Amino acid sequence: MKLVKSLLVASAFAVAATPVLAAEMTIVSWGGAYSKSQLKAYHEPYSAKTGVSIINDDSSAEAVAKLRAMNEAGNVTWDVVDVVAADAMRLCDEGLAMEIDHDNQLATAPDGTSASADFGNLIVSECFIPQIVYSTTFGYRTDMVGSTPPTNVCDVFDLKAYPGKRSLEKRPINNMEWALLCDGVAKADVYDVLATDAGQNRALAKLDTIKDSVIWWNAGADTPQLLADGEVVMGSTYNGRLFSAIEEQKQPIGMLWDAQVFDLDGWIIPAGLSDERKKQALDYIYFATDTQRLADQAKYISYGPARASSAPLVGKHADLGIDMAPHMPTDPNNAKNTFLYNYSFWADYRDDIDAKFQAWLAK
Amino acid sequence: MMPEQTSNTPLLAADGTPLRQSLSRSLRRQKLRALFLIAPLLVFVMLTFVVPIGNMLFRSVQNDIVSNIMPHTVAALENWQAETEPLPDETAYKAAFFDLFAAAKAKEHTKLGARLNYEQTGISSAFRKSGRAIMKPGKELAKTFQKIDPAWGKAETFIALFDASFDANFDANFDASGKKTNTSLNQSQLARLNQLKGEQYIVPETKGIAADAARALPMTAREFSYWTLFTELEKNKSITEGKVWEALYVALADDLQNPQNAAAIASLSGPIASLVKTSAREISQQPRIDYTKIMGGVNKGWSERIIWETIKLHSSVYTGGYFLNAVDMRKTLDGPAIQPESKQILLNLFQRTVKMSLIITISCILLGYPIAWLLANLPVRTSNILMILVLLPFWTSLLVRTSAWKVMLQQQGVINEVLVWLGIVATDNRLEIINNQIGTITAMTHILLPFMILPMYSVMQTIPPSYVRAAKSLGATNWTAFWRVYFPQSIPGIGAGSILVFILAIGYYITPEIVGGTDGVFISNRIAYHISRSLNWGLAAALGAILLAVVLVLYWAYDKIVGIDNVKLG
C-alpha cells in the first residue's frame, strides 16, 4: 500500500521557518545559582569540546505551558529543558516530551553499570533524565529559637515552643504531607489518608492551627529573604537556597533535616524536534549526564547528583573550599528521615486538592 | 442666458460624468487611501490581538478532545441510560478497548486522561496505567494464534488476507475474482486517524480492503486498515517492519468466535482462507472474548461507574462545562450543580477583584485629584518638577516598585520600624500591612496613580481660572466656587482616569501575587495558575471571558450613567 502523504500546511511552514543551526542550541533552566552551576559543569566543557554554542533561557518555571504553546504553534525552539520530575511526567503525558531509551542513549557508569541501573528508581518517567536530587526542607533563625533549635518537622506546628511567623509554600504539595505526619499519620500511610476527603480535611485542620502565623511564599527565593529579614522564625524552601544563605551569605540561619521532601530535577527533550536537532540534544544529554559531569555540578550547588556512581566523586565547593558531601540531601547524616514525593498521587490529585487548599486559604 | 437646470438632468462634473458619481469615486479613493495608511496597524492588531484572543476565548467552549480520541466509545455511550443502568454494556467496553489501544499507540491517551482529570480526580492515572496494560490481552492472544499457526505472527499473513492492492490484477474497484473491494473502510479509518492526530492525511480512494475478508472479519479488517494507515502515515514505516498490532489478535479472535460471521468465513476463498477456517475452529474452543472483563483487567477503574459517567458527561464537542466551573458549578447527570463548599473559590475571587479594584480606583481619585490640581495651577517651573515626580514611577520597573513596597510594609520594614521607634506601636505588636488586602491596595494605588493623575491634569489645564475668580467676585465662598464651578468641569478627567485605573486594576496579576498574601489576590492570579500550573486552559479561558464581560458591562453601565462623551483625556 503506497500512500500519498499530505502534511498540514501549517506544520510544513513551521519546518521551513526554523532553519537548523547545528552549531547552536537553546537550553532552558531555572536561572540564578542553579543555571550557573550547569554553565560551569556542563555547558562550558561541552562547548569547548564540540564548538556548539549554548543559549540559556531561564524559563523552566513556565516550561510546561510554554512547550504546550510552542507545540500547538508547530514551532518548538527549545532543544533541552530542565524541569522537575512532576513536570517531566506531565510533559510526557501530554506528548510534549520525547521518550528516552535510558540504556542506549545515556552514558554507562565508569564501572560498566547501565544508565538505568545507575539512576535506579529516579527514572520516574520514560521522558525524564534525572540530574539532581534536592529537598524541600526548613530553615530557622538561629538567634530567634533560643537554646533549643528545632530538630523535628513538627516543631513548625508548635507555636508555643517557637512563636513567630513561619513561611510555607502557597500550594498544597508538601504542606499537606507535613500536616498529616505531625497529626500522627504514619509515613507509609500519608498518601492513602490524603486520597480521602476526610484525610484532606484533617490536613487542613492541622494547618489551621498555624494559619494565622504563616506567610505564604511563591518563589524559592522568598524564604531565605524572609529569614534574612527576620520576618519569619522558620520557613520551607529548597535546600540549595538555604545552603547559599548559610554558607555563602553567612546569615544566622540553621537547617532542619527532618522529613524533608525528596524531589528530582532533570532534563527532557521536547517532542517534535527535527532529526538533526534531536541528535544534537541527545549528544548534549549524553555528555551532561555522565558520572563525572553530575559530580562536577555539586561543586557549585548543594544538590545531590542523581547517579549512584557520582556520589563518591563529589568534592569541595569551587569557591568556598568546603566539603560538599555533608551538605547534600543524599548524605546519610541528612537523609535519616526523608519523605519521598509521590508523583503519581499528585498528578491525579493536584487540581482537586489545590482547589480545596485555595478555598481554605481564602477563608 | 444659462439654461435653467431641470430636476431630472444630473449635475455634471468638468469631465462630463455625473457629479454624484465622480464625487463618490473620489471619496472611495480617499477612503481606500486612508485604509491603506492604517493597514499595517490593522493587520498588526488583527494578528497579535484579535486572533490570539479569539483563539484563547474559543478554548473556553472547545472540547473535541474526548470525541477525537475515543470516537467509538462516545458513540457507544449515547445508548447508555446512565440514570438507570449502573454500567454501560459490552459494546461500550469493546469500543473503549479499541479506542484506548489506538490512543495509546499514538500516545494521545494521557492527554485525554489529563483533560478528564480536571473533572474527576484519579482519571489521569487510570488512563496512564491503562495505556501500558492495554497491550497485554492482545499479547496473550498472539501466543494462542501463533500456536495454531506461526504464520499469524507475520504482517504478511494479514496483508495477504486483506490487502487487495497486492493482487496482481488489482483494479480500481474490483479485485482479481471480480469482487468489489471495500474502499470506504480505508477512508473511514483515515478519518479516524486524522481526527486522533489532528492531521490532514490523504489516501487515494482506489485503495481498498478485500471486500470478502472485510465481510467475514469486520473488526479485524477495520483494525488492520487503521494499523496500516497509522504505521505508514504517522510512523513513516511499513507494517512488515514491526510486530503485528496486539489489538488485531483481539479483533481476530472476536470475529472468528462471532456466529454472525460464520457464513462469510465459510465462503472465503484464496490462499489464507484455509488458515482462517482452521483457526476459527480452534479459537471457538476458547472462551468468548469478553471486553468488559478485558477492560476490568486493564484497569479496575473501568469496572467502576465514575469513569464512564465522566466520559459521557464531557463527550460533547462544545461544552459549557468550563463556564460552569468558572462560577463554582459543575456538570452532573442531573444538570448543572453547585460545587461542594470546600471547592468554592472563584465567585469569591471575582467579587473581591471588582470590590478591591473599586477601592483602588477611589483611593486614586482621592490622592490624585489634589496633585492634578496643583500640576495644573502651579507656575510652570514648579509644576514641571512635580510632573517629573509623577512620571518617575513610570520609568521604574513594576517589579522593582512592588518589591520596594515589600521592604516598606513588612513587619521588620521601614514603616513598622519608624512607628516602633516613635513608640506608636509596641515591638511585639507590629502592624500587619502586607500579605493581605491592605498590602495590595497600597501598592496598587501607588502603581496606578499616574494613570489617574495624567488625564485629570490634562482636563484641568483646559479649565480657565477666570471662572473660579468670577464665581468668587460674585460672592461665592472658596468651597462653593470649587464645588459648583471648578469640580463639575473636572469630571471628564475623573471619568477617564477612573476607567483607565479600574480596567488596569481588574486584570492586575504580579502585584497582588507578591504583596497580596492569601486574601489580597485577584482572579488573574487564578487564571495564571490555570495557564501555567494546572494547564487547564479551558477554565482559564472561561475565567478570562467572564472578566472581559464584566469589564464590558461596567463600561456600558458607565456610559448609561455618566455618558462616554463626558470622558476626556485632554
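These numbers come from a predicted model, not from an experiment.

Caption draft 1: View of the overall build of chain A. When helices and strands are counted, chain A shows 14 helices and 10 strands. Its C-alpha radius of gyration of 22 Å places chain A within 12% of the 21 Å reference for a compact globule of 363 residues. Overall size of chain A, expressed as C-alpha extent along the three principal axes, is 75 × 50 × 35 Å. With 363 residues in all, chain A has 48% of them scored as buried. Residue pairs in contact within chain A that sit at least 24 positions apart in sequence constitute 72% of those at least 6 positions apart.

Caption draft 2: Representation of helix α11 (residues 218-234) of chain B in the model. All names here are of chain B. The end-to-end C-alpha separation of α11 is 23 Å, in line with the 24 Å expected for 17 residues at 1.5 Å each. Burial analysis of α11 places 14 of its 17 residues in the buried class, the great majority of the element. Downstream of α11 by a residue or two, N236 has a phi angle that is positive, lying close to 55°.

Caption draft 3: Expanded view of the domain arrangement of chain A. Residues and elements named next belong to chain A. By the assigned domains, chain A splits into domain 1 (21-127 + 269-327) and domain 2 (136-262). For domain 1 versus domain 2, the distance between C-alpha centres works out to 29 Å. Taken together, the contacts link 7 residues of domain 1 with 6 residues of domain 2. Each residue belonging to the side of domain 1 that touches domain 2 can be placed in one class, and the counts come to 5 nonpolar, 2 polar and no charged.

Caption draft 4: View of the domain arrangement of chain B. Here the domain parsing of chain B yields domain 1 (67-77 + 88-305) and domain 2 (347-566). Just the C-alpha atoms count here: the centres of domain 1 of chain B and domain 2 of chain B sit 63 Å apart.

Caption draft 5: Expanded view of the interface of chain A and chain B. Contacts between the two partners involve 32 residues from chain A and, on the opposite side, 43 residues from chain B. Of all the elements in the fold, those that place two or more residues in the side of chain A that touches chain B are α3 (63-73), β6 (214-217) and α14 (343-362) of chain A. When the residues that make up the side of chain A that touches chain B are grouped by side-chain class, the tally is 14 nonpolar, 6 polar and 12 charged.

Caption draft 6: Just unusual backbone geometry, in detail. In this structure, K250 of chain A takes a positive phi of about 55° despite not being glycine. The residue K250 of chain A is located in the loop between α11 (239-248) and β8 (253-268) in this model.

Reading guide: rules and limits
Residues numbered from 1 in each chain as written. Chains lettered and ligands numbered in written order. Predicted model: local features only at pLDDT ≥ 70, side-chain atom pairs only at ≥ 80, totals over all residues. Helix = DSSP H or I, 4+ residues; strand = E, 2+ residues; numbered from the N terminus. Rg over C-alpha atoms; globule rule 2.2 N^0.38 Å. Buried ≥ 20, exposed ≤ 12 C-beta atoms within 10 Å, placed from the backbone. Contact = placed C-beta atoms within 7 Å. Expected span 1.5 Å × (residues − 1). Domains from an automatic or database assignment. Nonpolar A, V, L, I, M, F, W, Y, C, P; charged D, E, K, R; others polar.

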